[in-house]
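The chain contents come next:
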Amino acid sequence: MQTAKMSSPKLRAVEDLVPPSPAPSESVPVFSAPPAVKMLSEILPDDPLLMMGAGPVPIPDAVARANSVVINHLGSTMSTIISQVKAMSRYVFQTNSEWVLGVAGPGSAAMEMAICNLVAPGSKVLCIVNGFFSARMAEMSRRLGADVVIHEIQGHHAASAAEVEQAIATHRPDCITIVQGETSNTVFNRELPAIARAAKRHGCLTIVDAVCTLSTMPLQMDEWQIDAVITGGQKGLASIPGVSLIAFSDDAWARIAERKTANTHWCLDAKLAENFWHKGSYHYTAPVSGVLALHEALRLVCAETLPVRFARHSRCSFALQNGIEAMGLRLWTAPSSRLNSVIGVSVPDGLGSPEICNHISGQYHVEISGSFGLPIVRIGQMGEQCRAHNLFRTLHALGSTIRDLGAKVDIPAAMATLEYSLQHVRTA
Ligand SMILES: *Cc1c(COP(=O)(O)O)cnc(C)c1O
């Protein structure tokens, strides 16, 4: 038997190779690379901080693993992932609406996407403002050239449906904006369902910011007749920051379709985003790794189911609130307007919120948040933050910090109350 002889590859002569294109005339870099850049391992703490602030929150392993993968943003694998992300999002938003889209950007980009698609220059917007984030929606509307009416609620209280309906009747807006949970001062707009339904009765659209609340407490987009819901990745959903979600109702989509003026935001134009999220074609290169991470975060929400997830959040949050009060500290918002997803704790007299946050992080490796100048510290209760072991560590670290800084707290009473409350408080 004869074996075929391996023929050596025929190589071109060097002079026949394609020559490199000529370098530009000034091709030597003017600036040199920064000297002595540290390795990440030298910068990141050995003992990772427990992220118990107002976001970003700790991410589950499945989310972290997904976030390290890059795939073709227009291939068939991506198309399967996109359709699952939309299906799972519909469950999380509690909507049958087809118009679910992802956004490459923070929660604020999703907010801007809702507003710039539904608010045209000159349209009238009633912005219900409880604090920092709901004020951001008013500012975005103003920048778009809308006629903005602000319905401000002072003193960290929730909006009253009766008062909002009165304001809608008076001002006849095309659109209202409202936050479900105002993360900045821990106010919960408990009457959101009645407010959204009232808006619908008056023929106006409702845009809801559910960045910190989605999947931590009930939100029923269709039942409550909400027209646009936005959320970020890094809070209630326990995914990474920078990839967000938005859902529009059919009424909202009809308004987008009939719009005469071009959207001034190209990246946030919902009709262009539809190309990628519904038609398998190109808008901009999607943040594939972040979408995969979001897929995993949503899959975990679906596996847990919303009712079980809500119960876990309220049980943990109530237990932590009880523990904080048993320690001798005060909660910032009254029970009637209190948000569970983020807890605001009044800073004891004589202490400042930055020194508490620095001390608890430096000494106990627990990260909590201050709040834009308010005399409070904030502890998140979103996603993985709502686990008993994280509550014990956080409450103990908070008590120890305040004791170290010279104020009086009852740490044993706090820890016992946390345990007792976790065992005994039943949530619906
Ligand atoms: C965090 C937050 C935002 C902003 O989200 P970013 O991802 O920081 O842009 C908006 N609204 C609420 C209620 C938030 O908690």
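The structure displayed is predicted, hence computed values, not measured ones.

Some words on the pairing of strand β3 (residues 124-129)
1) Next: In terms of burial, β3 is a largely internal element, five of the six residues being buried.
2) Next: Note on the crossover from β3 through helix α5 (residues 132-143) to strand β4 (residues 147-152): the handedness is right-handed.
3) Next: Across three bridges, the pairing between β3 and strand β5 (residues 175-179) is parallel. Directly across from valine 125, in β5, lies its bridge partner cysteine 175.

Thoughts on the site of the ligand
1) Next: Taken together, 14 residues sit near the ligand, with Ser108, Thr183, Asp209, Gln234 and Lys235 positioned nearest.
2) Next: Between the ligand and threonine 183 there is a distance of 2.3 Å, counted from an oxygen atom to a side-chain nitrogen or oxygen.
3) Next: Here the ligand loses 89% of its free accessible area of 380 Å² to cover by the protein chains.
4) Next: The set of elements that each furnish at least two residues to the shell around the ligand consists of α4 (107-118) and α5.
5) Next: A per-element tally of the shell around the ligand places α4 first, with three residues.
6) Next: For the shell around the ligand, the class distribution of residues is six nonpolar, five polar and three charged.

With respect to the domain arrangement of the chain
1) Next: By the assigned domains, the chain splits into domain 1 (61-304) and domain 2 (306-424).
2) Next: Just the C-alpha atoms count here: the centres of domain 1 and domain 2 sit 29 Å apart.
3) Next: Between domain 1 and domain 2, the contact holds 29 residues from the first and 27 residues from the second.
4) Next: Taking both partners together, domain 1 and domain 2 bury about 2200 Å²; carbon and sulfur atoms supply 59% of that area.
5) Next: Ranking the residues of domain 1 by area buried against domain 2 places His156, Thr186 and Glu304 at the top, with a combined share of 31%.
6) Next: Linking domain 1 with domain 2 are two salt bridges.
7) Next: Among the ionic pairs, arginine 309 bridges to glutamate 304, the shortest N-O distance being 3.1 Å.
8) Next: Where domain 1 touches domain 2, the interface holds 14 residue pairs in polar contact (both at pLDDT 80 or more).
9) Next: Breaking the side of domain 1 that touches domain 2 down by element, the ones donating at least two residues are α3 (76-93), α5, β6 (181-182), β7 (187-188) and α10 (288-304).
10) Next: Partitioned by chemical class, the residues of the side of domain 1 that touches domain 2 number 13 nonpolar, twelve polar and four charged.

Notes on the nonpolar core
1) Next: In terms of nonpolar packing, the biggest core is built from 83 residues, with Leu101, Leu219, Ile226 and Phe248 touching the most fellow members.
2) Next: Core analysis: the next-biggest nonpolar cluster, separate from the first, contains 33 residues, Ala319, Ile343, Leu391 and Leu418 among them.

What to know about the sheet that holds β4
Backbone-to-backbone hydrogen bonds pair the strands of a sheet. The strands run either parallel or antiparallel.
1) Next: Within the open sheet, the seven strands sit side by side as β2-β10-β9-β8-β5-β3-β4. Their pairing is mixed. Single-partner strands in this sheet number two, and they are β2 (100-104) and β4. Shown here is a sheet whose adjacent strand axes are inclined to one another by a mean of 20°, direction ignored.
2) Next: Across five bridges, β5 lies against strand β8 (residues 205-209) in parallel orientation.

Quick look at the environment of histidine 313
1) Next: Inspection of the secondary structure assignment puts histidine 313 in helix α11 (residues 306-326).
2) Next: Remark: the alpha-carbon pair of histidine 313 and valine 211, spanning 102 residues in sequence, is separated by 15 Å.
3) Next: Setting aside its immediate chain neighbours within four residues, histidine 313 contacts Ser215, Thr216, Gln381, Met382, Gly383 and Cys386.
4) Next: Of the polar contacts made by the side chain of histidine 313, one reaches the backbone nitrogen of glycine 383; its length is 2.9 Å.

Examining a nonpolar patch on the surface
1) Next: A cluster of nonpolar side chains, Leu40, Ile43 and Leu44, forms an exposed patch at the surface whose accessible area comes to about 330 Å².
2) Next: Examined against the element boundaries, leucine 40 turns out to sit in helix α1 (residues 40-43).
3) Next: The exposure class assigned to leucine 40 is exposed, which follows from its relative accessible area of 59%.

Some remarks on the environment of tyrosine 282
1) Next: Considering the arrangement of structural elements, one finds tyrosine 282 in the loop between α9 (270-279) and α10.
2) Next: Excluding residues that lie within four positions of it along the chain, tyrosine 282 makes contacts with His73, Leu74 and Asn275.

Some thoughts on unusual backbone geometry
1) Next: That bond from glycine 55 to proline 56 is cis: its omega, 0°, falls within 30 degrees of zero.
2) Next: For proline 56, the location among the structural elements is in the loop between β1 (50-51) and α2 (61-66).
3) Next: Even without being glycine, glutamine 94 reaches a positive phi, approximately 55°.
4) Next: Along the chain, glutamine 94 falls in the loop between α3 and β2.
5) Next: Not every positive phi belongs to a glycine, and arginine 172 is a case in point at roughly 50°.
6) Next: Assignment of secondary structure puts arginine 172 in the loop between α6 (161-171) and β5.
7) Next: Take arginine 172: its relative accessible area is 64%, and that puts it in the exposed class.

Conventions we followed
- Residues numbered from 1 in each chain as written.
- Predicted model: local features only at pLDDT ≥ 70, side-chain atom pairs only at ≥ 80, totals over all residues.
- Heavy atoms only, no water.
- Buried < 20%, exposed > 50% of the residue type's maximum accessible area, 1.4 Å probe, protein only.
- Helix = DSSP H or I, 4+ residues; strand = E, 2+ residues; numbered from the N terminus.
- Right-handed = clockwise from strand over helix to strand, strands pointing away.
- Pairing = 2+ DSSP bridges.
- Near = heavy atom within 4 Å.
- Polar contact = N/O pair within 3.5 Å; in protein donor to acceptor, adjacent residues only side chain to side chain.
- Areas by Shrake-Rupley, 256 points an atom, 1.4 Å probe, with all protein chains shown as cover.
- Nonpolar A, V, L, I, M, F, W, Y, C, P; charged D, E, K, R; others polar.
- Domains from an automatic or database assignment.
- Contact = heavy atoms within 4.5 Å.
- Buried area = accessible area lost by both parts, 1.4 Å probe.
- Salt bridge = Lys/Arg side-chain N within 4 Å of Asp/Glu carboxyl O.
- Core = buried A, V, L, I, M, F, W, Y, C linked by side-chain atoms within 4.5 Å.
- Axes fitted to C-alpha atoms, helices over the stretch in contact; angles between N-to-C directions.
- Patch = residues over 30% accessible without salt bridge, like charges linked within 9 Å, V, L, I, M, F, W, Y side chains within 5 Å.

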